[in-house]
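Read off the chains here:
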Amino acid sequence: MASTTPDPEFASPSDELQVLIRCGRDWASDATSAVGDGTLDGNVDWGNTIRLARRHGMEPLLVEWLQGTAHERLPEDAYSTLEHRHERLLRRNLTVIAELLDLTERLESAGVRCLAYKGPLIASRAYGNATIRGYTDLDVLVAPADRQRARELLESRGYELQQINHAVAQSV
């Protein structure tokens, strides 16, 4: 029987990881009670907490959660760094969302049947806020019969074909 060794990051969660766990738990339950429960007490290394939040895609969640609970308990420089990164991500996300809306409108106006999915749509559904997660691309399904028209429209807008997932393309 093979033994598995737990990931040391999760075997005995650090104070920093406990903050992120609590942040996620509160988001899931719509609670904001970290101030009085001791989660933010102790030796939280906020620089490391921010790095962990970035690594796990939780920076915007952490900012929103701290604004509702205890941002004043962070060192000024740590909160300022986190808030600055959050504002940059927010601006970028709004730009991406605007591009997605414009793109789907153009496709539909050209008679291309399309459906945006993942990214902002999932974030909106999961968190009630489309800007709460970062996006690296736009995901749009196009009806097979409209593929060529969609490609021409996208290329005319400066998009380049990077890769095709043939399994997904064939299943649609």
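Model, not experiment: these values are computed from the prediction.

Undergrad: Hey, could you run me through helix H2 (residues 15-29) in this one?
TA: Structurally, the α-helix is built with 3.6 residues per turn, so residues lying three or four positions apart point the same way. A rise of 1.5 Å per residue sets the reference length of H2, with its 15 residues, at 21 Å; its end C-alpha atoms lie 21 Å apart and thus fit the reference within 8%. Restricting attention to buried positions, one finds in H2 the residues Glu16, Leu17, Val19, Leu20, Arg22, Cys23 and Asp26.

Undergrad: Is there a simple way to think about the packing of helix H6 (residues 76-109) against helix H8 (residues 147-156) in this case?
TA: Between H6 and H8, whose axes approach to 10 Å, the crossing angle comes to 135°. The orientation of H6 with respect to H8, classified from their angle, is oblique. With respect to the hand of their crossing, H6 and H8 are arranged in right-handed fashion. Contacts between H6 and H8 involve Leu103, Arg106 and Leu107 from the first element and Ala150, Leu153 and Leu154 from the second.

Undergrad: Help me out: how do you make sense of the pattern of salt bridges in this one?
TA: Note that side chains of opposite charge can pair when their charged atoms are close. Inspection of the entire model under this criterion finds ten salt bridges. Where Arg54 meets Glu59, a salt bridge forms, and the shortest distance between an N and an O atom there is 3.5 Å. Assessed through its relative accessible area of 37%, Arg54 is described here as partly exposed. Overall, Glu59 belongs to the buried group, its relative accessible area being 10%. Across the pair Asp102 and Arg157 runs a salt bridge whose closest N-O atoms are separated by 3.0 Å. Separated by 55 residues along the polypeptide, Asp102 in helix H6 and Arg157 in the loop between H8 and helix H9 (166-171) bring together distant segments of the chain. Here Arg157 falls in the partly exposed class, since its relative accessible area comes to 31%.

Undergrad: Looking at this structure, I do not really get the side chain of Asp139. What am I missing?
TA: Tracing the backbone through its elements, the reader meets Asp139 in the loop between helix H7 (119-127) and strand E2 (140-142). Exposure remark for Asp139: the relative accessible area of 13% places this residue in the buried category.

Undergrad: Can you help me understand the packing of H2 against helix H4 (residues 46-55) in this one?
TA: Geometrically, a packed helix pair is captured by the angle between its two axes and the distance between the axes. Put simply, H2 and H4 touch, their axes get as near as 9 Å, and they point 50° apart. Between H2 and H4, the angle falls in the class oblique. When you trace H2 past H4, the crossing you get is right-handed. Residue-level inspection shows Glu16, Leu17, Val19 and Leu20 of H2 in contact with H4, the latter providing Trp46, Asn48, Thr49, Leu52 and Ala53.

Undergrad: I keep staring at H4 and nothing clicks. Help me out?
TA: Among the residues of H4, those classed as buried are Trp46, Thr49, Ile50, Leu52 and Ala53. Taken around the axis of H4, the buried residues stretch over an arc of 160°, which confines them to a single face. Near the N-terminus of H4, the side chain that reaches the backbone nitrogen of Gly47, with its oxygen 3.1 Å away, is that of Asp45. With its phi angle positive at about 70°, Gly57 sits one or two positions after the end of H4.

Cut-offs used in this document
Residues numbered from 1 in each chain as written. Predicted model: local features only at pLDDT ≥ 70, side-chain atom pairs only at ≥ 80, totals over all residues. Heavy atoms only, no water. Helix = DSSP H or I, 4+ residues; strand = E, 2+ residues; numbered from the N terminus. Expected span 1.5 Å × (residues − 1). Buried < 20%, exposed > 50% of the residue type's maximum accessible area, 1.4 Å probe, protein only. Axes fitted to C-alpha atoms, helices over the stretch in contact; angles between N-to-C directions. Parallel < 35°, antiparallel > 145°, perpendicular 65-115°, else oblique. Left-handed = near helix turned anticlockwise from the far one by under 90°. Contact = heavy atoms within 4.5 Å. Salt bridge = Lys/Arg side-chain N within 4 Å of Asp/Glu carboxyl O. Arc of directions from axis to C-beta. Polar contact = N/O pair within 3.5 Å; in protein donor to acceptor, adjacent residues only side chain to side chain.

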